[in-house]
Amino acid sequence: DAGEGNTAQFLVAEKIDLLCATKSPTGSCDFALYLGDNFYTDGVSSNNDAQFASKFEDPYADLDFPFYVVLGNHDYGEYPLNILKAQYQIEYHEESEKFYLPSRYYSVKKETIATFLALDTNSIMLKDLPETNPSEQKSWCLNEIAASDTAWNIAFGHHPYISNGKHGNAGGYEGLDEIPFELDITKIPRGAYVKEFMDEALCGKVDLYFAGHDHNRQWLEPQCGTEFIVSGAGAKNTDLVGRGTATYYEDDLTPGFLYVELSATTFIGEF
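Once a new chain begins, its residue numbering starts again from 1 and follows that chain's sequence as written. Where totals are concerned, whole chains, interfaces and linings use all residues; where local detail is concerned, this predicted model gives features only for residues with pLDDT of at least 70, and gives and counts side-chain atom pairs only at 80 or more. Calculated side-chain values reflect all of the structure's heavy atoms, with hydrogen atoms and water omitted.

*Asks:* Sorry if this is basic, but what is going on with the packing of helix α5 (residues 134–147) against helix α6 (residues 191–201) here?
*Replies:* Helix-helix packing is described using two parameters, namely the angle between the two axes and the distance between the axes. Each axis is a line fitted through C-alpha atoms, and for a helix only the stretch in contact is used; angles between axes span 0 to 180 degrees, taken between their N-to-C directions. Secondary structure counts use DSSP, requiring at least four H or I residues in a row for a helix and at least two E residues in a row for a strand, with both numbered from the N terminus. Look at α5 against α6: their axes get within 10 Å of each other, and the N-to-C directions meet at 25°. Here α5 is positioned roughly parallel relative to α6, judged by the angle of their axes. Helix-helix and strand crossings are classified by hand; for α5 and α6 the assignment is right-handed. Of the residues in α6, those touching α5 at P134, Q137, K138, C141, L142 and I145 are E196, F197, E200 and A201. Angles below 35 degrees are treated as roughly parallel, those above 145 as roughly antiparallel, those between 65 and 115 as roughly perpendicular, and all remaining angles as oblique. Crossing handedness follows the turn of the near helix against the far one: under a right angle anticlockwise gives a left-handed crossing, and clockwise gives a right-handed one. Only heavy atoms matter for contacts: two residues are in contact if any of them lie within 4.5 Å across the pair.

*Asks:* So what exactly am I meant to see when it comes to the sheet that holds strand β8 (residues 217–223) here?
*Replies:* To summarise the sheet geometry, strands pair through backbone hydrogen bonds and adopt either a parallel or an antiparallel arrangement. Read across the sheet, 7 strands follow the order β4-β5-β6-β7-β9-β8-β10 without closing on themselves; strand pairing throughout is mixed. Edge positions in the sheet fall to β4 (106–110) and β10 (247–251), since each of these pairs with one other strand and no more. Each strand of the sheet is rotated relative to its neighbour by a mean of 20°, with strand direction disregarded. The pairing criterion for strands is at least two bridges between them, as found by DSSP. Taken together, the 4 bridges between strand β7 (residues 208–211) and strand β9 (residues 226–231) define a ladder with parallel strand orientation.

*Asks:* I tried to follow the pattern of salt bridges on my own but got confused; where do I start?
*Replies:* Any two side chains of opposite charge can pair if their charged atoms end up close together. When a carboxyl oxygen of Asp or Glu lies within 4 Å of a side-chain nitrogen of Lys or Arg, that pair is called a salt bridge. For the structure shown, the criterion picks out 9 salt bridges. For E4, the salt bridge goes to K236, with nearest N and O atoms at 2.5 Å. With E4 in the segment before α1 (7–23) and K236 in the loop between β9 and β10, the pair connects residues that are 232 residues apart, well separated along the chain. For E4, a relative accessible area of 25% gives the class partly exposed. Exposed residues in this analysis have more than 50% of their type's maximum accessible area, buried residues have under 20%, and partly exposed residues fall in between, with area computed by a 1.4 Å probe over protein chains only. Here K236 falls in the partly exposed class, since its relative accessible area comes to 22%. Of the charged contacts in the structure, one is a salt bridge between K138 and E196, with a shortest N-O distance of 3.9 Å.

*Asks:* Quick question: what am I supposed to make of the packing of aromatic side chains here?
*Replies:* Two measures describe an aromatic ring pair: the distance that separates the ring centres and the angle between the ring planes. Geometry of aromatic contacts follows a simple scheme: Phe, Tyr and Trp rings, the Trp one being its six-membered ring, pair when their centres are within 6.5 Å, and the pair is stacked under 30 degrees between planes, edge-to-face over 60, tilted otherwise. Inspection of every chain in the model, using the stated rule, returns 24 aromatic pairs. Seen in terms of ring centroids, Y34 and F67 are 5.5 Å apart; in terms of plane orientation they differ by 80°. Their pairing is edge-to-face. With Y34 in strand β1 (residues 32–34) and F67 in strand β2 (residues 67–69), this residue pair connects regions lying 33 residues apart in the sequence. Ring centres 6.0 Å apart and planes at 80° place the aromatic pair F52 and F99 in the edge-to-face group.

*Asks:* Got a minute to help me understand the state of the cysteines in this structure?
*Replies:* Formally, a disulfide is one covalent bond, and it connects the sulfur atom of one cysteine to the sulfur atom of another. Note on terminology: disulfide denotes any pair of cysteine sulfur atoms within 2.5 Å. Tallying each qualifying case throughout the model produces 2 disulfides. With its sulfur 2.0 Å from that of its partner, C20 forms a disulfide with C29. Disulfide C20-C29: the torsion about the S-S bond is -90°, which places it as left-handed. Residues C20 and C29 agree in their burial class; the two are buried. The cystine pairing of the protein, numbering bonded cysteines in sequence order, is 1-2, 3-4. With no disulfide of its own, C141 lies 11 Å from the sulfur of C203, the closest cysteine sulfur. Owing to a relative accessible area of 0%, C141 belongs among the buried residues under this scheme.

*Asks:* Honestly, unusual backbone geometry in this entry has me stumped. Any pointers?
*Replies:* Backbone geometry follows two general trends: most residues other than glycine have a negative phi, and most peptide bonds adopt the trans configuration. Backbone torsion omega between Y40 and T41 reads -5°, so that peptide bond is classified as cis. By the secondary structure assignment, T41 is in the loop between β1 and α2 (51–57). You will see that E111, though not glycine, has its phi angle at about 50°, which is positive. Secondary-structure assignment places E111 in the loop between β4 and β5 (114–118). Residue class for E111 comes out exposed when judged on its relative accessible area of 65%. Phi is positive for C224, which is not a glycine, with a value near 50°. Positionally, C224 belongs in the loop between β8 and β9.

Next up, the structure:
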């Protein structure tokens, strides 16, 4: 949720650079997971939109490693939603050495240590639009997990499964279990679809799932056999609202990120 081009985004980038230089054995981090809402507030208008520079390349100019990117709801535009806006970011993947988004969802394998599954959760919420084809994404995800031979399977996407933030838990985003009847439910996103997808494709099948969407930092206690981390404070903060989900750590006061060291047997995360 860092696509603001604001002072906080630049300061977080400076801290990433400093931490990678001082903590990583190689003096640099290997890669970043970039969790969506890459360009506020209405996505990009072309594959050479100036926002690619002002809200991505410029803030992270000193970070010499790839960013594995997923799409957020703002990357599809505000209203009306526009699938083309997401496609422009995929096209920009061909232009940038740092912005890695070859398709709406994809996987990256890191030796024998981990397989990372990048999800397009916004298209899951738009289940009624045939262009997004969430059933195909679910089949792909299950096949990738079944074929994986790495020590870890880690998924990442924009929308959380559980969160104590404003947006809240899948199936009850914005505190709503159902969409108000006066709205046309065929034309708006629904968190119940995200819960259904994750219940069937992620729970107990991946070791950990990273999300953003809520602009704070949370390491939640595991549910359904999977660990859940929310890290959406890359450029701003929104309040935690206390939805009652147990956490090991949560903070809504400071912009920031999660630094991870991962081996075949150990996952260490530091906010």
